[in-house]
Structure formats: structure tokens, C-alpha cells
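Observations on the model geometry
Listed below are the residues making up each chain.
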Amino acid sequence: MKRVYQTAGLCFVGLSAFVVWESWTLEYYTNLGPGPGFFPLWLGVVMGALSLAWFVQVSGRKGGPDDVAILPERAGILRILSTLAALAAMAGLMNLFGFQLAMFLLLVFLLKVLGRQALWVTLVVALLGSVGVYHLFGAYLDVPLPAAAVKLLANLGL
Amino acid sequence: MELFEHLLFGTQTLFTPVNLAFCFIGVLMGTLVGVLPGLGPTAAIALLLPATFHTPPVASIIMLAGIYYGAMYGGSTTSILVNIPGEAASVITCLDGYQMALQGRAGPALGIAAFGSFIAGTISVVGLMLIAPPLAKFALAFGPPEYFSLMLMGVVVLIYLGSGSILKALMMAVFGLLVGTIGQDSISGTLRLTFGIRELYDGVGLIPAIMGLFGVSEVISNVEQAIKTEIISAKARNLMPNRQDWRDSFWPIIRGSVLGFFIGILPGPSSTISSFSSYALEKKVSGNPAKFGKGAIEGVAGPEAANNAATGGSFIPLLTLGIPANAVTALLLGAFMIHGVTPGPLLISKHPDLFWGTVMSMYLGNIMLLILNLPLIGLWVQVLRVPYPILFPLILLFCLVGVFSLNFSQAEVGLMIGFGAFGYAARKFQFELAPLVLALVIGPMIENYLRLSLIISRGSPWIFFRRPISAVFILITLTLLFSPFMPRIGRSRERFQ
């Protein structure tokens, strides 16, 4: 467990170093006052110091009642990754397949595969959440959600 | 007389069909959110922020404010009926509220929670109405150094009053400030930390970040465990407290209201702190402290009054100084900014409809909540029957649609997912997210005030110490920052927690 915390600490240290390096290339001070590099540079320095302090703190800790299992179980990792992947796929395919189809597929996946819901529940919720929301936003809230870019799907009203 | 005119103006502003409807929607959503464990006012406001884009500013703020104080009403329902707090602020209500339910007295517990919340909410709105205008006048004396030091102090106080490690909370706050620097510098126009990504030129959007940190990460945290279909059943009858219940609850409600209101003004998780503080106070002043934890109605009345009063108090720094005291008011500040309104000392004079309309909506909202909460408790209990496997896809749906409808940007949806993953990791490593959100919202303002102050002083940092008000804020900030090294103050923090 200690190694996981240390890795996280080092990530923050790395991020801080990167921010300091990037800020160094910006103007630190101008005739008028602090430049665009001033604030992020100091934030990077402070962040680096805090991250190092945390790294030292977790490295020196022997372990105790506050230590909880950081890494999820394999099944949990799969559920998390598949949820994130489904979200990312939906975001990527929304403009291509249209909101209705993309959201329908996402909801079916989340409800049926992850949530193990009954088929009729899945279909009802997925339809309401995709087609229903599409028309609700378009007709009443004046927010046009994307239609399908693929001609075949667009001809189907998606 | 002037106050009466303002109230009349506020009433005229409120009593339009649109504003009344949004007030009702806000308190209804707030109660619903409060009833549902795991979905707090922060997430609810984050999810509904995009929906307010196309609505007038007054209606939007009325609705979002209604969600905030409505959630405090709803949170007590599940605490009392099924020993599951709907909100962090309702945790303490479980101790005696659930015991009352086991003794067949769920009805009076729910009734006194609702009435106590109503009385406290009303008292806190009166306090807001009386204190906000003179405080706003005082704040007109503030310049950039005062605003910088006050905002910095606000972030540090929030960190200090949090429950976790100060070091990790500071890291989150600094990270939030860093994220706020991404994009085009407002003074020079230089691009910072954008990595050549065009969508980041305008900076990291507040909505995608908040939706990710609270909505998506919450879902991922729950998905990590096997998604259980849990159905909760609960019953409640005869909601009216009897005469003895009222006699026992009257002074706890009054004490809780006053205590909660003043704690609400302070930065930090004020509703939670106020409810715990009220419980401790009632136990201390009680003639029979042993009865607490076994179904003492004072243990419900005081804390529920306190957490509601705290919501009214927390509006004071937001509306008069433009400084949010916690994550929820930080989101409300975001809502103001989205609508082009700058909260602060000039809000009352420049946007009197917004200020007085919101104040009056809180009066009316409290009445609506009292009416909603008592007869509809059976309905709220039914909501608990919605299994989480159905709820979490709907939450993700709201998040996706909410973010996408902002700018129709897939990049922002990607940003939300990224923040979701970060928020999940932060929770696993026990980092608090409230300092990050607060810093993200006010970070750009902190930087601007800092740079303006240094321009005024020609680069001398002593400007923050030469001006008395700023010096006081800086002194408090430094004391709290170095408190871990001062044993006496460190022990006070532990006692406070």
C-alpha cells in the first residue's frame, strides 16, 4: 500500500515540476506588474513542496488503521474501466451516430451489463433516456442535441 | 421603512409565475436530493446548472438556492426512518431520530424536524436580510488587497475546518488554483498550460470539472462495489408533535437556529458543523444528558434547526462579499458568474431584484418545504425504492447532457470524464474535494486581486500588511496554516471535529 501512496506523491511532484518548467517560459514580471508566469510558477513551487512533504509523510508511515485498500478488486476495476470506456465511447460517437442511438446504447450497457436489470426495465429506461431526452431538450429547452451524421441513420430519424 | 420597501420589492419580484415555479421546482428537487443518500445539494446544483442557462438569472438563483436549503429538509427523512443520512448534515439526526422511529414515534420526529427546520430557516432569512446590507456597505471599503487576503483566508479556513489532513487539503486547494490558471491570461492574453489544445484556450470549464468531480466520480465510487439492488422500506404515521414534544423542542430549536446561523457565515462545511455543534450543546445544557442517543426529541430538533439556519448564514459572505463559504455556495457563485452577475458589495444596489427576490423566495421556499415535507413523506419514502442500478445511469445521463449542452463540445465531455477519474482517485486517497472546488471557482479572482495589489504597491508584498483589514485576514490565515505546529490550536481543531 505504501508504494501506491508514494507513486501518487511522485505524480504530484512530477506535475509540480512540469508546471514550474512551463511557467518559467512565460513572462515572470513586466513593467506593469506580475506577468502571466508569476502565479503558476509560485503555485508549482508550493505544490511541489506540499507533494514532497506528503511523499515523505507516507514513506515514513508504518501503516495503521487509516490504511484502506486503495486498489479495487479485479471485478471492481473492470466495472470502473468499462463505465469510463462506455462514457468515452458515447462522447466520441455522439456526433457520428447521433445522441439518441449513442445514448440508447450507453444506457443499455449500463443498465443491462453492469446493472443486470430486467430487459423490459432496461428498454423502457433506455428509450426514455435517449429518445425522450432528445425530444425534451429539442422541443422544450431549445437545446439541439446532435443528430446522426451517418446518412442511413439520419434517414431513420436518428 | 426602507427595509419594508425592499421586502415589498422582493415580493413583487418573487410573485411572477416563472419565479414562483422555479422556487417550487428548486425546493422540490432539493427535498428529493436530500432524501436520496449519496446525492447531495452540491451534485444536484452541479447537474442542474446547465439547465439554468436559458432561464433568467433571478429564477435560476431562486431555484438553485431552493435546492440548497431544500436538501437540508429532505436529509432528515431517511435519517429518522431508516438510519441512513440523506446528507452529511443529517448524520447526527440518526442518533435520536432513528431511535424515536424504533419506539413508534417516527411521526413526531419527522414533524418536529420539519417544523424546526421551518422556524430556523425563517430566522436565518431574517438574519440574512438584516445583516447583509450593512455588511455590504462595510465591504465597499475593500480594495484588491482586502479581497485577496479575504479569499485566501476563506480557502484556508475551509481547509482548517475540514475533517481530513490539512496537508492533503492544501494540495487540493493549490491544485484547484493551478487548474484555474489554465487558458488565456486575463491581463496579458498569453496562453498558459493549454498544451496546444484549442478547447483549453478559454480555460477549464467549471461545469465539466464539477460534474466530473462530484457526479461521475460518485458513480464510479459506487460502481466499484458490486451494484446492489437495495430496496428500503419504512413507515411513518401521525406526524404532529404533541404539546410535550413542543415544550421539549422549543428552546433547542431557538438555540440551534442562532448557533447554525452564525456558524453558517464561516467558511467550511457549515451545515454539518452546526448540526454536530447543536447536538453537543443540547446534550450539555440538558438536565438529563443520558437520554441522548435513546430517542430524545431535543437531539432531533436542535441539529435539524441548526443545519437549516446554517444555509441562510452561508448566503451572507456569498451575496455581500462575493466569497463562497463552502462547495455549494461556490457553485452558486459559479451560477452568478454564468449569468453575468458579480456577487459582492454592489450586488444589492446593482441587482436589487436578484438579492431581495432571493431573500423573499427563501421565506416562501420554507413555507413550501413545510407543506411538501409533511404530507409527502410517504412519497419520499417511495423514492428510496428506486434501485441504484437504475439511478446511476440516469445520473450519468444528466452529467453528459448537462455538459454537452453547454458548448456542444465533445472535448468538454472528455474533460468531465477526466475529472471524474481524478475525483475517484482523490476519494480513494482520502483527499477532500471541497477545497479544490472552492479554489477552482475563486482562483482566477485570487490571482487578479493579487496582481492588482502588487501593481498598486509597485511590487511590494507589504501592502497586505499595511492595510489593517487585510493584515487581520493575513494574520488569521498564517495562524491557521501554522496551527499544526502550535499544539494548543491543533488540539482545538481536534475538539472541534
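Residues numbered from 1 in each chain as written. Chains lettered and ligands numbered in written order. Predicted model: local features only at pLDDT ≥ 70, side-chain atom pairs only at ≥ 80, totals over all residues.

1. Let's talk about the overall build of chain B
When helices and strands are counted, chain B shows 22 helices and two strands. In terms of C-alpha radius of gyration, chain B reaches 22 Å, essentially the compact-globule figure of 23 Å for 497 residues. Considered along the principal axes of its C-alpha atoms, chain B spans approximately 70 × 55 × 50 Å. Expressed as a percentage of the 497 residues in chain B, the buried residues total 58%. Intrachain contacts of chain B at a sequence separation of at least 6 include 78% that bridge at least 24 residues. (Helix = DSSP H or I, 4+ residues; strand = E, 2+ residues; numbered from the N terminus. Rg over C-alpha atoms; globule rule 2.2 N^0.38 Å. Buried ≥ 20, exposed ≤ 12 C-beta atoms within 10 Å, placed from the backbone. Contact = placed C-beta atoms within 7 Å.)

2. As for the overall build of chain A
Each helix and strand counted, chain A has six helices and zero strands in total. Order of helices (α) and strands (β) in chain A, N terminus to C terminus: α-α-α-α-α-α. Here chain A has a C-alpha radius of gyration of 24 Å; the compact-globule value for 158 residues is 15 Å, and the former is much larger. In terms of overall dimensions, chain A has C-alpha extents of about 55 × 55 × 25 Å along its principal axes. In chain A, buried positions account for 32% of the 158 residues. Summarising the internal contacts of chain A: among those between residues at least 6 apart in sequence, 56% fall at separations of at least 24.

3. As for unusual backbone geometry
Of note, Arg116(A) is a non-glycine position whose phi angle comes to about 55 degrees, a positive value. Among the secondary structure elements, Arg116(A) is positioned in the loop between helix H4 (99-114) and helix H5 (119-139).

4. Observations regarding the interface of chain A and chain B
One frequently used descriptor of interface size is the decrease in accessible area upon assembly of the parts. Each partner contributes residues to the interface: chain A has 50 residues there, and chain B has 42 residues. Sorting the residues of the side of chain A that touches chain B by element identifies helix H1 (2-24), helix H2 (38-60), helix H3 (74-97), H4 and H5 of chain A as the ones contributing at least two each. With twelve residues, H3(A) is the single largest residue contributor to the side of chain A that touches chain B. Residues that form the side of chain A that touches chain B fall into these classes: 35 nonpolar, eleven polar and four charged. (Nonpolar A, V, L, I, M, F, W, Y, C, P; charged D, E, K, R; others polar.)

5. Quick word on the domain arrangement of chain A
When cut into domains, chain A gives domain 1 (2-60) and domain 2 (74-155). Distance between the C-alpha centres of domain 1 of chain A and domain 2 of chain A: 39 Å. (Domains from an automatic or database assignment.)

6. Observations regarding the packing of helix H4 (residues 57-82) of chain B against helix H5 (residues 91-102) of chain B
Residues and elements named next belong to chain B. Two elements in contact, H4 and H5, have axes separated by 6 Å at closest approach and are oriented at 55 degrees. On the basis of their axis angle, the class for H4 and H5 is oblique. In this structure, H4 meets H5 at a crossing whose hand is right-handed. Counted together, Ser76, Ser79, Ile80 and Leu81 of H4 and Thr93, Cys94, Gly97, Tyr98, Met100 and Ala101 of H5 form the full contact between these two elements. (Axes fitted to C-alpha atoms, helices over the stretch in contact; angles between N-to-C directions. Parallel < 35°, antiparallel > 145°, perpendicular 65-115°, else oblique. Left-handed = near helix turned anticlockwise from the far one by under 90°.)

7. A closer look at helix H21 (residues 468-481) of chain B
All names here are of chain B. Between its first and last C-alpha atoms H21 spans 20 Å; for 14 residues at 1.5 Å apiece the expected length is 20 Å, and the two agree. Listing the buried residues of H21 in full gives Ser470, Phe473 and Thr477. Down the axis of H21, the buried set is contained in an arc of 65 degrees. They therefore lie on one face. Exposed side chains of H21 directed beyond 90 degrees from the buried face belong to Pro468 and Leu478. At its buried positions, H21 is contacted by helix H7 (144-160) and helix H20 (463-466). (Expected span 1.5 Å × (residues − 1). Arc of directions from axis to C-beta.)

8. Side note on the environment of Ser483(B)
Residues and elements named next belong to chain B. By secondary structure assignment, the location of Ser483 is in the loop between H21 and helix H22 (487-496). Here Ser483 falls in the partly exposed class, since 18 other C-beta atoms lie within 10 Å of it. With 323 residues separating them in the primary sequence, Ser483 and Tyr160 have C-alpha atoms 8.8 Å apart.

9. Here we look at H5(A)
Over its 21 residues, H5(A) runs 29 Å from end to end, which matches the ideal 30 Å to within 8%, given 1.5 Å per residue. Its maximal kink placed at Gly132(A), H5(A) deviates by approximately 30 degrees. Listed in full, the buried residues belonging to H5(A) are Thr122(A), Val125(A), Ala126(A), Gly129(A), Ser130(A), Val133(A) and Tyr134(A). In this fold, the buried residues of H5(A) make contact with H4 of chain A together with helix H17 (388-407) of chain B. (Bend = angle between axes of the 7 residues up to and from the residue.)

10. Concerning the environment of Ile197(B)
Among the structural elements, Ile197(B) can be located in the loop between strand E2 (191-192) and helix H9 (206-224). Residues Ile197(B) and Gly183(B) lie 14 residues apart in sequence; the distance between their C-alpha atoms is 9.6 Å.

11. With respect to the confidence of the model for chain B
Any segment with low pLDDT has predicted coordinates that should not be analysed in fine detail. All names here are of chain B. Put simply, chain B has an average pLDDT of 82, and 90% of its residues get 70 or more. Across chain B, H20 holds the top mean pLDDT of 94, while H22 sits lowest at 52. Reported confidences for the modelled complex are a pTM of 0.76 and an ipTM of 0.89. (pLDDT = per-residue confidence, 0-100.)

12. Description of the packing of H4(B) against helix H6 (residues 106-139) of chain B
Residue and element names in this part refer to chain B. Closest axis-to-axis distance for the H4/H6 pair is 10 Å, and the angle between their directions is 160 degrees. One finds that H4 runs roughly antiparallel with respect to H6. Both H4 and H6 take part in a crossing whose hand is right-handed. Along its contact with H4, which presents Tyr69, Met72, Tyr73, Ser76, Thr77, Ile80 and Leu81, the element H6 presents Ala106, Ala109, Leu110, Ala113, Ala114, Ser117 and Gly121. Looking at side-chain class alone, the contact of H4 with H6 contains ten nonpolar, four polar and no charged residues.

13. Some details on the environment of Arg192(B)
Of note, Arg192(B) is situated in strand E2. On a C-alpha basis, the gap between Arg192(B) and Ile182(B) in space is 5.4 Å, while along the polypeptide they are ten residues apart. Those residues in contact with Arg192(B), other than ones at most four positions away along the chain, are Leu26(A), Pro36(A), Pro40(A), Thr181(B), Ile182(B), Gly183(B) and Asp185(B).

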